[in-house]
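If you want the building blocks of each chain, they are given just below.
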Amino acid sequence: SRITAERVSKMVQSSIKQERRKYMLLQTIQWTAYALLIFAGFIISTAGNHLKPLILLSLALCISSHTGEGQATAVGVFCGFLTDIACGKLLGYNAVFFVVCCVGVSLLYNYVLRQKLLNIVILTAIAVLAQGYLDYLFYYAIWGHEDVGLIYTKIMLPVSVLTLLSTFCLYYPVKWIADKCGS
């Protein structure tokens, strides 16, 4: 009877160790895949001088919809700093905004919303319009330049539309990664 109890205890401990290893491996795969997506988004953000979506904002929100608040904060800071670098903005400007958005999205998905494409599209629309307006306000309108409204209509709004469209391309790959790795 005593030998059997010891064997059972060792088997349980072995099983726990295997589950822990499997969980760590899946988490490593998941975050490596997210990092690759983020770096691909950064490369797209820095390529050329034409209008481009804020792909890192869309990606950060999609990832945050599948994570906890702590991970969403890290994703927001990282993607925000990369966006600051790609757009040539004051370092930390977008990082602060991204953190607020990512934590908000994470909390909404953890406590209120379901994993639906429409939900993330609406949240991305709110975030990208707010980011565009703040960008316009602090970088252009505040200085009172002539015809500054053209920047909002010719640059900010098209970028917002492109960012919203990028959400459609990013949501399902991020969801697939999260589903396969058990997030």
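A brief structural summary. (Residues numbered from 1 in each chain as written. Predicted model: local features only at pLDDT ≥ 70, side-chain atom pairs only at ≥ 80, totals over all residues. Heavy atoms only, no water.)

1. Let's talk about the overall build of the chain
- Check the secondary structure of the chain and you find 6 helices and 0 strands.
- Written out in order from the N terminus, the α and β elements of the chain read α-α-α-α-α-α.
- Expressed as lengths along the three principal axes of its C-alpha atoms, the size of the chain is roughly 90 × 30 × 25 Å.
- Across the 183 residues of the chain, 38% fall into the buried class.
- Sequence separation of at least 24 residues holds for 69% of the intrachain contacts in the chain that already meet a minimum separation of 6.
- With the model as given, the accessible surface of the chain reaches about 10,800 Å², and the carbon-plus-sulfur share is 68%. (Helix = DSSP H or I, 4+ residues; strand = E, 2+ residues; numbered from the N terminus. Buried < 20%, exposed > 50% of the residue type's maximum accessible area, 1.4 Å probe, protein only. Contact = heavy atoms within 4.5 Å. Areas by Shrake-Rupley, 256 points an atom, 1.4 Å probe, with all protein chains shown as cover.)

2. Looking at the pattern of salt bridges
- Going through the model one piece at a time under the given rule, you end up with 2 salt bridges.
- A salt bridge links Asp-135 to Lys-89; its shortest N-O distance comes to 3.5 Å. Residue Asp-135 is found in helix α5 (residues 117-139), and its partner Lys-89 is found in the loop between α3 (69-87) and α4 (93-111); the two are separated by 46 residues along the sequence.
- For Asp-135, a relative accessible area of 7% puts it in the buried group.
- Classification of Lys-89 as buried rests on a relative accessible area of 16%.
- Between Asp-179 and Lys-175 there is a salt bridge, with its nearest N and O atoms 3.1 Å apart. Here Asp-179 pairs with Lys-175, and both are found in helix α6 (residues 149-180), just 4 residues apart, close to one helical turn.
- Judged by relative accessible area, Lys-175 falls into the partly exposed class, the value being 22%. (Salt bridge = Lys/Arg side-chain N within 4 Å of Asp/Glu carboxyl O.)

3. Things to note about α3
- In a regular helix each residue adds 1.5 Å, so 19 residues correspond to 27 Å; α3 covers 26 Å between its end C-alpha atoms and thus fits that length.
- When we look at burial in α3, the residues that qualify are Ala-72, Val-75, Gly-76, Cys-79, Gly-80, Leu-82, Thr-83 and Asp-84.
- Of the residues trailing α3, Gly-88 is marked for its positive phi of about 70°. (Expected span 1.5 Å × (residues − 1).)

4. Points about the nonpolar core
- Ile-38, Leu-56, Leu-57, Leu-61, Ile-63, Cys-79 and Ile-120 are the most contacted members of the largest nonpolar core, which totals 34 residues.
- Secondary-structure elements contributing two or more residues to this core are α1 (2-46), α2 (55-64), α3, α4, α5 and α6.
- Broken down by element, the residue count for this core peaks at 8 residues, all from α2.
- Beyond its immediate chain neighbours, meaning those up to four positions away, Ile-63 contacts Trp-31, Tyr-34, Ile-38, Val-75 and Val-174. (Core = buried A, V, L, I, M, F, W, Y, C linked by side-chain atoms within 4.5 Å.)

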